[in-house]
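Fold and contact review
One-letter residues, chain by chain:
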Amino acid sequence: MSVDPWNAGMNTPLEVEDPEIYKLIQQEKYRQYSGLELIASENFTSQAVMEANGSPLTNKYSEGLPGARYYGGNEYIDQVENLARKRALEAFNLNPEEWGVNVQPYSGSTANFAALTAMIQPHERIMGLDLPSGGHLTHGYQTSKKKISSTSIYFESMPYQVDPKTGLIDLDRLEENAKLFRPRILICGASAYPREWDYARFRKVADQHGAYLMCDMAHISGLIAGQEADSPFKYCDVVTTTTHKTLRGPRAGLIFFRRNKDAKVEKGEDLESRVNQAVFPSTQGGPHNNTIAAVAVALKQAASPEFKQYAKQVIANSRALAAKLISHGYKIQTDGSDNHLILWDLRPLKLTGSKVERICDEVAITLNKNSVCGDVSAVTPGGVRLGTAALTSRSFKEEDFVKVGEFLHRVVQIALRVQEKAGTKLIKDFVAALQGDAEAAQLKKEVEAFATSFPFPGFDVKGLTPNH
Ligand code: DSN
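Residues numbered from 1 in each chain as written. Predicted model: local features only at pLDDT ≥ 70, side-chain atom pairs only at ≥ 80, totals over all residues. Heavy atoms only, no water.

An unreviewed UniProt entry lists the chain under the name Serine hydroxymethyltransferase, with Actinomortierella ambigua given as the organism. Recorded in UniProt under Pathway (unreviewed entry), the annotation for the chain is "One-carbon metabolism; tetrahydrofolate interconversion." What UniProt states about the chain under its Cofactor (unreviewed entry) heading is, verbatim, "pyridoxal 5'-phosphate". (UniProt positions renumbered as here; feature names shortened; annotations may be inferred.)

If you want it as structure tokens, here you go:
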């Protein structure tokens, strides 16, 4: 059968149709496989999740909710979204009489903005953990010069912080400041906080001001689903999460809301209706149905007994890595970790996070620079953030993380030597001095040999090479 010219290529595999993009995908696969992935917000999702994510569900518009769409043809899409909603509640052991969930947010930032939009009016007040203390941009981040996040542009924000001496959230100061600021929403949850949350205390503070308590559990939602971290659901009114960090799904967001929160208000004005309206039509258009299907798959996996074992191992690995770094005399914020992440304070070594991140990139270790408590500038943070979720998905155990700690120790030795050679503190001189460094090249070889000796989930790594 002849093909119309405008349809040429529509049934051609990617490799043939667009070799440039195909090659870049292959190279990125090799990078993921051959390196040590320590970014605390990343993970490796499963083959089943990726199949659903790459499915023809991407072709469908379905604005609205199951059973009440603005477009026809949603018979199967409704079933997919209903399954995702049911599984989301099951994964977190929630009673559907008490909790509902919207599974349409495109990601964590949009979920958070929609959640705030649902609960309060523009210019009402929010309190979240300050970004340099480990909070997320969307918890109201602003600097003294500029309102950075839309959550500080459209709402009035006052942060709470960690105690610069202990690295722990200063709850007494939070409570004191809340008495002056009188927030309408108190936000708990963070992007870089290695310890458990005292949700009961947060609830107490919220109640002193008749405020909503919202938790952004994005980083630890997999640990909560695996019942290896305290659950915020007992205390919160709204809980948001991304689905691709410790939860190990595709990139997306969820908003859980209490069904009985505003029992006395008129139908259509209750929290459930407001959350659903805030997602669509207030802040989003058509849901990404392929992603919602992939989220449903990930949530099924997260409810399994094996996932509980995974969550347990993630934490055991994090503790093993923290202990290894401490054994080398390094400073870890809060001196350890209760979850999947570690904040490594490099300031006692007179190194910056940017330099260590740069060398790690050179030797196939991926992590990110991060503020540590007491940092004055967010532009040149004094530490790095490490996470164990991704490598645990590659079957790394405690002893493997001890080896990762050894590699990181060698990175620091190289960084100190290169900094000395550079002669200045400037990153450009540091990068120049790193060029052609034989010790870094040797370390990269060893890191890659180590990383490629582990299994890789989600896709076939056979035949992958650095160039294709
Ligand atoms: N960018 C994510 C993180 O790294 O924590 C949060 O959105």
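1. Some words on the site of the ligand
Close contacts around the ligand come from Ser41, His136, Ser191, His219, Lys245 and Arg385, and that covers them all. At 2.7 Å from an oxygen atom of the ligand is found a side-chain nitrogen or oxygen belonging to histidine 219. Protein chains bury 63% of the 230 Å² of accessible surface belonging to the ligand in isolation. When grouped by side-chain class, the residues that make up the shell around the ligand number no nonpolar, 4 polar and 2 charged. (Near = heavy atom within 4 Å. Polar contact = N/O pair within 3.5 Å; in protein donor to acceptor, adjacent residues only side chain to side chain. Areas by Shrake-Rupley, 256 points an atom, 1.4 Å probe, with all protein chains shown as cover. Nonpolar A, V, L, I, M, F, W, Y, C, P; charged D, E, K, R; others polar.)

2. Some words on the UniProt feature "modified residue: N6-(pyridoxal phosphate)lysine" (unreviewed entry) in the chain
Mapped onto the present numbering, the UniProt feature "modified residue: N6-(pyridoxal phosphate)lysine" (unreviewed entry) falls at Lys245. Here lysine 245 shows up in the loop between β9 (238-242) and β10 (253-258). In this structure lysine 245 touches Ser41, Asn43, Ala218 and His219, once residues within four positions along its chain are discounted. At a separation of 3.0 Å, a polar atom in the side chain of lysine 245 contacts the side chain of threonine 242. (Helix = DSSP H or I, 4+ residues; strand = E, 2+ residues; numbered from the N terminus. Contact = heavy atoms within 4.5 Å.)

3. Digging into the nonpolar core
Burial of nonpolar side chains together is a common tendency in soluble globular proteins. In terms of nonpolar packing, the biggest core is built from 55 residues, with Phe92, Tyr160, Trp197 and Phe256 touching the most fellow members. Once you skip the residues sitting within four places of it in the chain, tryptophan 197 turns out to touch Leu129, Tyr160, Ile169, Cys188, Gly189, Ala190, Phe202, Ile220 and Asp230. Counting residues in hydrophobic clusters, the runner-up holds 41 residues, among them Leu325, Leu346, Val384 and Phe454. (Core = buried A, V, L, I, M, F, W, Y, C linked by side-chain atoms within 4.5 Å. Buried < 20%, exposed > 50% of the residue type's maximum accessible area, 1.4 Å probe, protein only.)

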